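Inside the fold
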Amino acid sequence: MTSTPPPAAFVQAFGALPSPATPVRVARAPGRVNLIGEHIDYCGLSVFPMALRQSVRVAFQARSDRKTRLVNRDPRFAPSAFAVSENIPPASAGDWTNYARAAVGALAQRFPDLRGVDALVESDLPIAAGLSSSSALVVAMALALLHANGVTVAPLELMAMLARGERYVGTAGGGMDQAIVLGARAGCASRIDFHPLRLTPTAVPADWQFIVAWSLVHAEKSGAAQQAYNERTRQCEEARRLVAARLGRREDVSYSDLLAAAPVEELLELAGATLSEVLARRFRHVVTEATRVRQAETAMAAGDLAAFGRLLDASHQSLRDDYDVSHPELDLLVDLAREGGAVGARLTGAGFGGSIVALCRVGRAPELVGALRERFYAPRGAAADVARHVFTAEPSDGAEVG
């Protein structure tokens, strides 16, 4: 990781050379690809992601006051400034700086006397591709502010704090993204458990290759997509309460408790007799996806490529048919990946656009990428930029300051 940004870029952004007394440092936070366990972290159930080599980087310098200035090296994103406080006014809906504001506001609630920073942001992560560029910005900005103020927070505490803080933008998400962005281990995927939060790494077999491919459809986290996401959260809660009541349990019993109390088949039978058709499908996705996480972790540990591939396929079918978060372009990418040599593939991230993740042997990766280039990207006029849209996913370390 580069320890300092190009001097000309920092001077251009902030109008003055960095002071030797307050050197410029760089916080790096990776994106992530969720391998399996989609839309269940906010149900308190385990997930199985890994971090990517692509990242958000924030070059920062401490200030002597509470002002924070943000400049993005991508000219599509306008600069912004605000004061560090517990209640930072949001920018307009969908504005990129709201994720930085979320991080700063969350830390200010815990540490009321923080000084601000000048921050220059850049990224090689695809934006709105379901790879958590937004949470990477949250984490990178949080690390920048903490480092500039000489404050340390235990990793698990920071993961939970930023998961709560990111709800500032209006999305009722879980804690997967912040946990893996901060806690990933190179060469590994990690099972993330909640209540209590903990990460358990599993080494990705050396002859396995995960491929990420963007559908060219933006996976927005505002507007109608945010409303649909939050609707799924509410539906899962309602389904859980109704099934718990049918089992004679308290309304606040968790999904984990339900899965411990009865076999999945019995839960699904109860759901079918208790819930509306839509709620029954949502419930079916949640409980079957939870079982796929443990099975996928076991398959990876055993090097069982075929079993992991079958779980990816089953997950995509569930997300498409029971959870209604897929998109025709995602479905096509999944089909083309399978035809191109993948042993399994599924949408990754919240859906409604974004990316897929496909699995193959390392030796098949060039063939698979080539097939997607010729059959998906070329017909859409995107073959020239294919390296930005489809890439091999290298399981990487979590966030750091250098």
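Okay, so let's go over this structure. (Residues numbered from 1 in each chain as written. Predicted model: local features only at pLDDT ≥ 70, side-chain atom pairs only at ≥ 80, totals over all residues. Heavy atoms only, no water.)

What follows deals with the packing of helix H3 (residues 133–148) against helix H5 (residues 176–183). Where H3 contacts H5, the axes come no closer than 9 Å and their chain directions differ by 55°. In terms of axis orientation, H3 runs oblique to H5. Considering how the two elements wind past one another, H3 and H5 form a crossing that is right-handed. Taken together, the residues of H5 that come into contact with H3 (itself represented by Ser135, Ala136, Val139 and Leu143) are Asp177, Gln178, Val181 and Leu182. Residue composition of the contact of H3 with H5, grouped by class: 5 nonpolar, 2 polar and 1 charged. (Axes fitted to C-alpha atoms, helices over the stretch in contact; angles between N-to-C directions. Helix = DSSP H or I, 4+ residues; strand = E, 2+ residues; numbered from the N terminus. Parallel < 35°, antiparallel > 145°, perpendicular 65-115°, else oblique. Left-handed = near helix turned anticlockwise from the far one by under 90°. Contact = heavy atoms within 4.5 Å. Nonpolar A, V, L, I, M, F, W, Y, C, P; charged D, E, K, R; others polar.)

All right, on to the sheet that holds strand E2 (residues 48–62) then. The strand order across the open sheet built from 6 strands is E4-E3-E5-E2-E1-E12, with neighbouring strands paired in mixed fashion. Two strands close off the open sheet at either side, each with one partner strand: strand E4 (80–83) and strand E12 (400–401). In the packing of H3 onto the sheet, contacts are made with strand E1 (25–36), E2, strand E3 (67–72), strand E5 (117–123) and E12, and the angle to E2 comes to roughly 45°. Of the strands in this sheet, E1 and E2 are in contact with H5, which crosses E1 at around 125°. (Pairing = 2+ DSSP bridges.)

Bringing the sheet that holds strand E11 (residues 390–393) into the picture now. As a general point, the strands of a sheet are linked pairwise by backbone hydrogen bonds and lie either parallel or antiparallel. Here we have 4 strands laid out as an open sheet, ordered E9-E10-E8-E11, and antiparallel in their pairing. One side of each edge strand has no neighbouring strand; the edge strands of this open sheet are strand E9 (344–348) and E11. Each strand of the sheet is rotated relative to its neighbour by a mean of 25°, with strand direction disregarded. Looking at chain direction, strand E8 (residues 208–214) and strand E10 (residues 355–361) are connected through 7 bridges and run antiparallel. Bridging across to E10, tryptophan 208 finds its partner in arginine 361. On the sheet, helix H10 (residues 305–321) packs against E8, E9 and E10 and is oriented at approximately 40° with respect to E9. Sitting on the sheet, helix H12 (residues 365–377) is in contact with E8, E10 and E11, with an inclination near 15° to E8.

This part takes up the packing of aromatic side chains. In this structure the tally under the stated criterion is 7 aromatic pairs. Their ring planes at 55° and their centres at 6.3 Å tell us that phenylalanine 77 and tryptophan 96 sit as a pair that is tilted. Here tryptophan 96 lies in the loop between E4 and helix H2 (97–110) and phenylalanine 77 lies in the loop between E3 and E4, a separation of 19 residues in the sequence. For tryptophan 96, a relative accessible area of 11% gives the class buried. (Phe/Tyr/Trp six-rings, centres within 6.5 Å; stacked < 30°, edge-to-face > 60°. Buried < 20%, exposed > 50% of the residue type's maximum accessible area, 1.4 Å probe, protein only.)

Following histidine 195, the chain continues to proline 196 via a peptide bond in cis, the omega torsion being 5°. Assignment of secondary structure puts proline 196 in the loop between strand E6 (188–193) and strand E7 (198–203). Residue alanine 128 is not a glycine yet carries a positive backbone phi of 55°. If you trace the backbone, alanine 128 turns up in the loop between E5 and H3. For phenylalanine 352, which is not glycine, the phi torsion reads 60° and is therefore positive. Mapped onto the elements of the fold, phenylalanine 352 is located in the loop between E9 and E10.

Right, let's talk about the state of the cysteines for a bit. Within this structure, the stated rule accounts for 0 disulfides. Free of any disulfide, cysteine 43 has its nearest neighbouring cysteine sulfur in cysteine 236, separated by 4.0 Å. Just so you know, cysteine 188 is unpaired, no disulfide at all, and the nearest cysteine sulfur is the one on cysteine 360, 19 Å from it. Judged by its relative accessible area of 10%, cysteine 188 is buried. (Disulfide = S-S within 2.5 Å.)

This part covers the environment of arginine 110. Within the secondary structure, arginine 110 sits in helix H2. In this structure arginine 110 comes out as partly exposed when scored by relative accessible area, which is 42%. Sequence-distant contacts of arginine 110, that is, excluding residues within four places in its chain, are made with Glu157 and Met161.

We now examine the pairing of E7. Sheet topology note: the E6/E7 ladder contains 6 bridges and is antiparallel. Bridging across to E7, cysteine 188 finds its partner in alanine 203. Between E6 and E7, which pair antiparallel one after the other, the connecting turn spans 4 residues, and histidine 195 there sits at a positive phi close to 55°.

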